[in-house]
Amino acid sequence: AQSVTQPDIHITVSEGASLELRCNYSYGATPYLFWYVQSPGQGLQLLLKYFSGDTLVQGIKGFEAEFKRSQSSFNLRKPSVHWSDAAEYFCAVGAMGNYGNKLVFGAGTILRVKS
Amino acid sequence: GAVVSQHPSWVICKSGTSVKIECRSLDFQATTMFWYRQFPKQSLMLMATSNEGSKATYEQGVEKDKFLINHASLTLSTLTVTSAHPEDSSFYICSAPSRRGNTEAFFGQGTRLTVV
């Protein structure tokens, strides 16, 4: 069965500093990988996704992620964090079942940005 | 882009009452929708898969008689929490796969349910 691990529950970075959020997955086939962001009390917004091709994926809001098959990882990065990036981030793997893409989510990483 | 609308965004109800949450795909048809539940400070857990024209498929451990799902049309799925109890208080989110090869899911805004 597929699973997603986000080892960091909380991360605090200074505004303007770089950011990397870790994500490791377990999946038998080529995974469909996603990063979502959730602000308090809100739904999920897709940041970026990987299906195939170039392993470095560009997303919205200046985020990027790199798929590394050998490490089963899909870490999210941003070169310079803004205060508005404070939120909870979820990595997810898409399980292509009979009914489309059920998503399995990691536990989430809460990002705090200090000024 | 495709939008999924969820209503209400929050609801407070008394124990023993039932609450209905609607999930609509606004500019595309969704034969399948997914319902997730998120406990405070935890990740989203898939509850069930809603299928237009057939019964929903529930994940292990989810009570189908308590969480009634109806996929009435190609743009509407509803989740009814029956005889709600305080432990049902949670954040419920629906999603629908995009039409293109089911490779992306669009999420509703979520519903915060508080049972008092």
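Notes on the structure in this doc start here. This structure is a prediction, so every number in the text was calculated from the model and none was measured.

### Re the state of the cysteines
And then number 1: For the structure on display, the rule yields 2 disulfides over all chains.
And then number 2: One disulfide in the model links Cys 23 of chain A with Cys 91 of chain A; its S-S distance is 2.0 Å. One quick way to see it: the torsion about the S-S bond of Cys 23 of chain A and Cys 91 of chain A is about -65°, and its sign makes the bridge left-handed. On the criterion of sequence distance, the pair formed by Cys 23 of chain A in the loop between strand 3 (19–21) and strand 4 (24–26) and Cys 91 of chain A in strand 10 (residues 87–97) is long-range, its members being 68 residues apart. For the pair shown, Cys 23 of chain A and Cys 91 of chain A are each scored as buried.
And then number 3: For Cys 23 of chain B, the disulfide goes to Cys 94 of chain B, at an S-S distance of 2.0 Å. Taking the sign of the S-S torsion, about 85° here, the bridge from Cys 23 of chain B to Cys 94 of chain B comes out right-handed.

### Regarding the pattern of salt bridges
And then number 1: In the structure shown here, the tally under the stated rule is 6 salt bridges over all chains.
And then number 2: Between Arg 77 of chain A and Glu 66 of chain A there is a salt bridge, and its shortest N-O distance comes to 3.3 Å. Of this pair, Arg 77 of chain A sits in strand 9 (residues 73–78) while Glu 66 of chain A is found in strand 8 (residues 64–68), placing the two residues 11 residues apart along the sequence.
And then number 3: What makes Glu 66 of chain A partly exposed here is its relative accessible area of 23%.
And then number 4: Two residues, Arg 24 of chain B and Glu 22 of chain B, come together in a salt bridge whose shortest N-O distance is 3.5 Å.
And then number 5: Shared partners join several salt bridges into a network, and the residues in it are Glu 64, Glu 66 and Arg 77 of chain A.

### Concerning the environment of Val 11 of chain B
And then number 1: In this structure, Val 11 of chain B sits in strand 2 (residues 10–13).
And then number 2: Residue classification places Val 11 of chain B among the buried positions, given a relative accessible area of 17%.

### Points about the interface of chain B and chain A
And then number 1: Of the residues lining the interface, 23 residues belong to chain B; the matching set on chain A comes to 21 residues.
And then number 2: The tally of links from chain B across to chain A stands at 0 salt bridges.
And then number 3: Across the contact surface, chain B and chain A share 4 residue pairs in polar contact (both at pLDDT 80 or more).
And then number 4: Those elements giving two or more residues to the side of chain B that touches chain A turn out to be strand 4 (32–38), strand 5 (44–51), strand 9 (90–97) and strand 10 (105–107) of chain B.
And then number 5: Of the residues belonging to the side of chain B that touches chain A, the class tally is 9 nonpolar, 12 polar and 2 charged.

Cut-offs and rules
- The written sequence of each chain sets the order in which its residues are numbered from 1.
- A letter from A marks each chain and a number from 1 marks each ligand, given out in the order of writing.
- Reporting of local features is limited, given that this is a predicted model, to residues whose pLDDT is at least 70; pairs of side-chain atoms are given and counted only at 80 or more, and all residues count toward the totals for whole chains, interfaces and linings.
- Excluded from the side-chain calculation are hydrogens and water; included are all heavy atoms of the structure.
- Cysteine sulfur atoms that come within 2.5 Å of each other are treated as a disulfide pair.
- Where helices and strands are cited, they refer to DSSP runs of H or I of at least four residues and of E of at least two residues respectively, numbered from the N terminus.
- Buried means the residue's accessible area, taken with a 1.4 Å probe over protein chains only, is under 20% of the maximum for its type, while exposed means over 50%, and partly exposed covers the values in between.
- The working definition used for a salt bridge is a side-chain nitrogen of Lys or Arg within 4 Å of a carboxyl oxygen of Asp or Glu.
- Here, two residues are considered to be in contact whenever any of their heavy atoms come within 4.5 Å of each other.
- Two N or O atoms count as a polar contact when they lie within 3.5 Å, although within protein this holds only if one can serve as hydrogen donor and the other as acceptor, and sequence-adjacent residues are included solely when both atoms are side-chain atoms.
- Each residue gets one of three labels, nonpolar for Ala, Val, Leu, Ile, Met, Phe, Trp, Tyr, Cys and Pro, charged for Asp, Glu, Lys and Arg, and polar for the others, Gly among them.

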